[in-house]
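# Breakdown of the fold
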Amino acid sequence: MNPSLSSATAAFHQEALQTLQQIEEWTLSSIQNPSASMDQQAETFRLLHSLKGTAASFGNESIAQICHAIENVLADKTQLNTQGSKALLMAIDYCRHILSNSPLSPEQHDDQRDECIARLNMLVKQDLNSANQTQLRELYGSVWQIDFAPHAQFFENGHDPLRIIRSLRNFGPIKVSVFTEKLPEFADFDPFKCYLRWQITLKAELDYYQLAAQFEWVKHISDVTIDILALPQKKRVIEPNRYKLNEANLEALLTVSQIIQSQLQQAVALTNQLNQTDKIRLSRRNQAMKRQQQFLQQQLLHIAMCPLADAFARLPRMAFDLASKTAKPVQLNMDLAPIELDSFIVNSLIDPLTHLLRNAMAHGIEAAEHRQQQGKPLTGQIHISAEQAEDQLIIRFSDDGAGLAEDKVLAKAKQMGINIKDLSDKPNISEWIFRAGFSTSQSADAISGRGVGLDVVKQHVTDMGGDIELVSNQGRGCCFIIKIPVLRSLMDVQLIRINDQTLALPLIHLIDSYLWDNARVIWLNGKQWFITDENQQVPLIDISRFLQLPYIERNEQSAHIVLVNVDKRFFAFSVDSLADQMQLLIKSLRPHYHHINGIKGIAILPEGDLALLLEPSKLLMAYEMDGGN
């Protein structure tokens, strides 16, 4: 196979899987929120149309046919019911099987495809064209493609295609292409017939109805197709392109980078043996190569990071499937911090999160009848939150189900020979369920096996250097709290210079910066204060003393004062100068160094140098504990 073609096919498979994931997320969100905006449905339409065209280009007609059938469903329905959602998810799963080269025979593939299309077609109304128009009238776009093909008798009633095309300029700039494939030989040419067709690209933010109205009077004597090429910029969610590398390839590239660095060091040593002119020339080249090598290593480290949300991507679909299997309606709510972490952590979280969700559906959330008897809402609630606090990732996984059945847990503990000293010691009860083989279920089920089985979850968390605890309220639900050390992450920072030292300040805490002004700095009650633009007095902290940096006389003409916010508490500190704002790779001081108060970690600069990452909350705490001295 042509290597470039193989690479292109692999890229298509990757992009197709990502597109299917986005369509699945929209399908699941529309179930929980039927009144989801039309913008989201329009974006799903665009994704389907793009996937259909790309699949056909690569000869994958089965996926193209599935996408076309889904388009018909979405065009016909403003809201998806449960039956429609299941049909869509089944079709998405089929496309994934196709892309993953599943070991099914061609006949089995055809049977599955036909079943998917048949289920989708059952959801579609008889008059698809009418339904498509009803749907599309609500769609907005910013770039449109119009295929305008007048019939041969178009001129008979005095219609002018150029007048219609010119009228489109009232909306925005247009680009027109004319096609002459139907133009006959001169001997057969009839000046009263239309042989041309046009393709117009229009850049304008308007809805479908406004555009379709321009062709309303000629739709019976022409074929008009209007497609959205782009949504309005403010309504689009643009995700950064991310190149995927497996861990082996990434480690290999990092090794190459380190080898280049070692060879550069050897070259520098050889430079000293040259004459002065050659030494200068080679030194300059070495410096240029060193900068490129450091840039390469920095970019590779960035690639090694993954969005935290990747670890949770499968859960909405899994919750939907489990709710269908168990006949337990459930709503999954997720609040995830928009951060990127080491891919090892993100990938290692997938299995324990999956296990916790299965456990919650099997043993936590009650059946609808039982919930009704207890006065609970029929739909169970599962809440998942994830955030980074200092150098830890904290995940809270809670449900409003039955909670721990303490009597069953105690009975099982006695059966296993666990020494029970205090029956009221709830922390011990919570810890017992993480023991291997501890299960309160009497029989196996298809969802979570024979019982809680949380020892597997605890082992996964422990392997990441983390810890897990359980808080349970019988009859009210459970909450699992997972804490995992974060050794590296990506963070937006403001670089500052203090006493010839480069430091990094998390950008999220930065409020404003000011040129040094003696009139704004006052002494009051033995403390130094800074007056902001709002005439507010905030403490002015001397960070150089706190960090015990060597004293260097400051040039007040270039000095700045930085205003910082920590949980709506404000303070300021002075810096020699402000540098760039950028996104940098952050590494923890641990396990190589002990924790340093006021320092959150190490920021790796693009040229390979290091900068201490300040921790404003600890700086303010130390200042207050010291009485403001």
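A short tour of the structure in this document, coming up. These numbers were taken from a predicted model, which means no experiment stands behind them.

Attention now goes to the overall build of the protein chain. Secondary structure summary: the protein chain contains 18 helices and 22 strands in total. Among the 629 residues that make up the protein chain, the fraction classed as buried is 41%. Of all intrachain contacts in the protein chain linking residues separated by at least 6 positions in sequence, the fraction that spans at least 24 positions is 69%.

What follows is about the packing of helix α12 (residues 343-364) against helix α16 (residues 454-463). It is at 9 Å that the axes of α12 and α16 come closest, and there the two elements cross at 155°. Classified by the interaxial angle, the pair formed by α12 and α16 is roughly antiparallel. The handedness of the crossing between α12 and α16 is left-handed. Judged by residue contacts, Ser348, Asp351, Pro352, His355, Leu356 and Asn359 of α12 engage Leu454, Val456, Val457 and His460 from α16. Its residues assigned to classes, the contact of α12 with α16 comprises five nonpolar, four polar and one charged.

Moving on, we get to a nonpolar patch on the surface. A cluster of nonpolar side chains, contributed by Leu183, Phe186 and Phe189, occupies part of the molecular surface with about 360 Å² of accessible area. Along the chain, Leu183 turns up in the loop between β2 (174-179) and β3 (197-207).

All told, the structure shown has seven aromatic pairs when counted by the stated rule. An angle of 35° between the planes, with centres 6.3 Å apart, marks the rings of Phe571 and Phe573 as tilted. Here the guanidinium or amino end of Arg197 rests over the ring plane of Phe179, the centre of that ring lying 4.1 Å away.

On to the nonpolar core. In terms of nonpolar packing, the biggest core is built from 47 residues, with Leu349 and Ile382 touching the most fellow members. Take this core: its biggest share by element is nine residues, from α12. Those residues in contact with Leu349, other than ones at most four positions away along the chain, are Leu308, Ala311, Leu393, Ile395, Met464 and Ile484.

So, on to the sheet that holds β3. Here four strands make up an open sheet; going across it, the order is β2-β3-β1-β4 and the pairing antiparallel. The open sheet has two edge strands, β2 and β4 (222-230), and neither has a second partner. Strand-to-strand, the axes of this sheet are offset by a mean angle of 25°, without reference to chain direction. Two elements, strand β1 (residues 140-150) and β3, share eight bridges in a ladder whose sense is antiparallel. Residue pairing in the sheet places Asp147 in a bridge with Gln199 of β3.

The six strands lie next to each other as β14-β18-β19-β17-β16-β15, forming an open sheet whose pairing is mixed. Two strands in the sheet have a free side with no partner beyond their single neighbour: β14 (510-515) and β15 (521-524). Shown here is a sheet whose adjacent strand axes are inclined to one another by a mean of 35°, direction ignored. Sheet analysis places β15 next to strand β16 (residues 527-531), joined by four bridges and oriented antiparallel. By the bridge assignment for β16, Trp523 is matched with Gln528.

Under the definition given, this model contains 18 salt bridges. A salt bridge links Arg96 to Glu24, with the nearest nitrogen and oxygen atoms 2.8 Å apart. Of this pair, Arg96 sits in helix α4 (residues 82-99) while Glu24 sits in helix α1 (residues 3-32), placing them 72 residues apart in sequence. Where Lys376 meets Glu366, a salt bridge forms, and the shortest distance between an N and an O atom there is 2.8 Å. One end of the pair, Lys376, is in the loop between α13 (368-373) and β8 (380-389); the other, Glu366, is in the loop between α12 and α13, and ten residues separate them in sequence. Among the residues examined, Glu366 registers a relative accessible area of 7% and is labelled buried. Several salt bridges converge on common partners, so that one network encompasses Glu24, Asp93, Arg96, Arg317 and Asp321.

Relative to the helices and strands, Asn81 is located in the loop between α3 (61-76) and α4. Take Asn81: its relative accessible area is 36%, and that puts it in the partly exposed class.

Attention shifts here to the packing of helix α11 (residues 315-326) against α12. It is the contact of α11 with α12, at a shortest axis distance of 10 Å, that shows an interaxial angle of 25°. Judged by the angle between their axes, α11 and α12 are roughly parallel. In this structure, α11 meets α12 at a crossing whose hand is right-handed. Contacts from Leu315, Met318, Ala319, Leu322, Ala323 and Thr326 in α11 reach Leu353, Thr354, Leu357, Arg358 and Met361 in α12. Across the contact of α11 with α12, the residue classes break down as eight nonpolar, two polar and one charged.

Conventions and cut-offs
Within every chain, residues take consecutive numbers counted from 1 along the sequence as written. It should be noted that, the model being predicted, local features are given only for residues of pLDDT at least 70 and side-chain atom pairs only at 80 or more, the latter also being counted only at that level, while totals for whole chains, interfaces and linings use all residues. Excluded from the side-chain calculations are hydrogens and water; all other atoms, namely the structure's heavy atoms, are used. Starting at the N terminus, helices and strands are each numbered in turn, a helix being any DSSP run of H or I of at least four residues and a strand any DSSP run of E of at least two. Any residue under 20% of the maximum accessible area for its type is buried, any over 50% is exposed, and the rest in between are partly exposed; the area is computed with a 1.4 Å probe on protein chains only. The contact criterion used throughout is that any non-hydrogen atoms of two residues lie within 4.5 Å. Whenever a helix is involved, its axis is fitted only over the stretch in contact; in every case the axis is a line through C-alpha atoms, and angles between N-to-C directions fall within 0 to 180 degrees. For this classification, under 35 degrees means roughly parallel, over 145 means roughly antiparallel, 65 to 115 means roughly perpendicular, and everything else is oblique. Handedness of a helix crossing follows the sense of rotation of the near helix relative to the far helix, less than a right angle counterclockwise being left-handed and clockwise being right-handed. In this classification, Asp, Glu, Lys and Arg are treated as charged, Ala, Val, Leu, Ile, Met, Phe, Trp, Tyr, Cys and Pro as nonpolar, and every other residue, Gly included, as polar. Within the patch definition used here, like charges are joined within 9 Å and nonpolar side chains (Val, Leu, Ile, Met, Phe, Trp, Tyr) within 5 Å, considering only residues with over 30% relative accessible area and no salt bridge. To be clear on the numbers: accessible area is Shrake-Rupley with a 1.4 Å probe, and residue cover counts the displayed protein chains and nothing else. One speaks of a salt bridge when a side-chain nitrogen belonging to Lys or Arg is within 4 Å of a carboxyl oxygen belonging to Asp or Glu. Any two rings among Phe, Tyr and Trp, with Trp reduced to its six-membered ring, count as a pair given centres within 6.5 Å; such a pair is stacked if its planes are under 30 degrees apart, edge-to-face if over 60, and tilted if neither. Either the NZ atom of lysine or the CZ atom of arginine qualifies as a charge over a ring when it sits within 6 Å of the ring centre and within 35 degrees of the ring normal. Put simply, a nonpolar core is a bunch of buried Ala, Val, Leu, Ile, Met, Phe, Trp, Tyr and Cys residues held in one set by side-chain atoms that sit within 4.5 Å of each other. By definition, two strands form a pair when at least two bridges between them are found by DSSP.

These values are about where atoms sit, not about what they do.
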